[in-house]
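# Residue-level structural notes
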Amino acid sequence: SQTIHQWPATLVQPVGSPLSLECTVEGTSNPNLYWYRQAAGRGLQLLFYSVGIGQISSEVPQNLSASRPQDRQFILSSKKLLLSDSGFYLCAWSVLGTGVSGELFFGEGSRLTVL
Amino acid sequence: KNEVEQSPQNLTAQEGEFITINCSYSVGISALHWLQQHPGGGIVSLFMLSSGKKKHGRLIATINIQEKHSSLHITASHPRDSAVYICAANQFYFGTGTSLTVIP
C-alpha cells in the first residue's frame, strides 16, 4: 500500500534562518507531488506541484522553493524565513496522469512557527 | 472573492442529526474534492466527484455542475464526525472549511 511521510512534524525557527521540510512517498511510482500551506484561519494554499523529477511549478511567488531530487522525494526549502512563513505545511501526492482530477493523499503535516 | 466558498463556517449538531455542508465555486473544474481535517491537522480525502452523487457509509456528496454547487451530507451524525470539512475545486482552490462539532 502507498504511504506518505513528511518531517519534521513541528519546528520553531528564528526569522532569517533556513528551512528544509522533507516528504517521501512509498508504494507508488511517478506520483504527482504537492506542497500546501495552511495559515491560521485560512484555507489551504497550493505552493508547489511536481509531475516528475526536477519539474517544479510554483503557484505563488514567495520566500520558498521546492525541489524533487528523486522520484518519490519532495523538499520544501527557504534560505531565510520570514514571520509570514509560519503555518501548517502539508505534502500530498496523487496518481500520475490524473491531472487535476486525481484524489489527493496527504502527509501528516509540519507545523512551522517562525519567531 | 474566493474561488471556493463554504457555508456554514461553524456547525454544532446533536448526535443523530442530519448535517449538510454547502460549497459554491466560481472556477471551471475537473473534480470537486471533499476533505476531512482532524484536530491534529491530518487531512483525509472523503470524496472526489465531477457529476452526480457519491455515497460512502453515512456520508453523501452531491454536485450540480450547472449551478457550480456541491453539498456534503452526514446522516445520523456521531461525535467522531467532529472535524473540519474542506471543499476544493480541482487541486488548486480550497474553501476555508466548515468546523463541525457533534455533541453526544
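Now for a look at the structure at hand.

Procedures and definitions
Residues numbered from 1 in each chain as written. Chains lettered and ligands numbered in written order. Predicted model: local features only at pLDDT ≥ 70, side-chain atom pairs only at ≥ 80, totals over all residues. Heavy atoms only, no water. Helix = DSSP H or I, 4+ residues; strand = E, 2+ residues; numbered from the N terminus. Rg over C-alpha atoms; globule rule 2.2 N^0.38 Å. Buried < 20%, exposed > 50% of the residue type's maximum accessible area, 1.4 Å probe, protein only. Areas by Shrake-Rupley, 256 points an atom, 1.4 Å probe, with all protein chains shown as cover. Lys, Arg positive; Asp, Glu negative; His and termini not counted. Charge placed at Lys NZ, Arg CZ, Asp CG, Glu CD. 1 Å grid on protein atoms, 1.4 Å probe; cavity = no way out; pocket = protein on both sides within 12 Å on 5 of 7 lines; lining within 4 Å. Points joined across faces, edges and corners; volume = space filled by probe spheres on them. Nonpolar A, V, L, I, M, F, W, Y, C, P; charged D, E, K, R; others polar.

Tallying secondary structure elements over chain B gives 0 helices and 11 strands in all. Ordered by position from the N terminus, the helices and strands of chain B form the series β-β-β-β-β-β-β-β-β-β-β. A compact globule built from 104 residues should have a C-alpha radius of gyration of about 13 Å, and chain B, at 13 Å, falls within 12% of that. For chain B, the C-alpha atoms occupy an extent of roughly 40 × 25 × 20 Å along the three principal directions. Buried residues in chain B amount to 43% of all 104 residues. In the structure as shown, chain B presents an accessible area of about 4800 Å², 50% of it carried by carbon and sulfur atoms. Taking the average place of the 7 positive charges on the side chains of chain B and the average place of its 6 negative ones, the gap between the two points comes to 9 Å.

Approximately 480 Å³ is the volume attributed to the largest pocket. Along the walls of the largest pocket sit 17 residues, with R42, G43, L44 and Q45 of chain A together with F94 of chain B positioned nearest its centre. Those elements that place two or more of their residues in the lining of the largest pocket are β4 (32-38) and β5 (44-52) of chain A together with β10 (93-94) of chain B. Ranked by residues supplied to the lining of the largest pocket, first place goes to β5 of chain A with 3 residues. Residue composition of the lining of the largest pocket, grouped by class: 8 nonpolar, 5 polar and 4 charged. A volume near 330 Å³ is recorded for the second largest pocket. Taken together, 19 residues form the lining of the second largest pocket, with Q38, G41 and R111 of chain A together with Q37 and V84 of chain B sitting closest to its centre. With 3 residues, the top contributor of residues to the lining of the second largest pocket is strand β11 (residues 98-103) of chain B. When the residues that make up the lining of the second largest pocket are grouped by side-chain class, the tally is 7 nonpolar, 10 polar and 2 charged.

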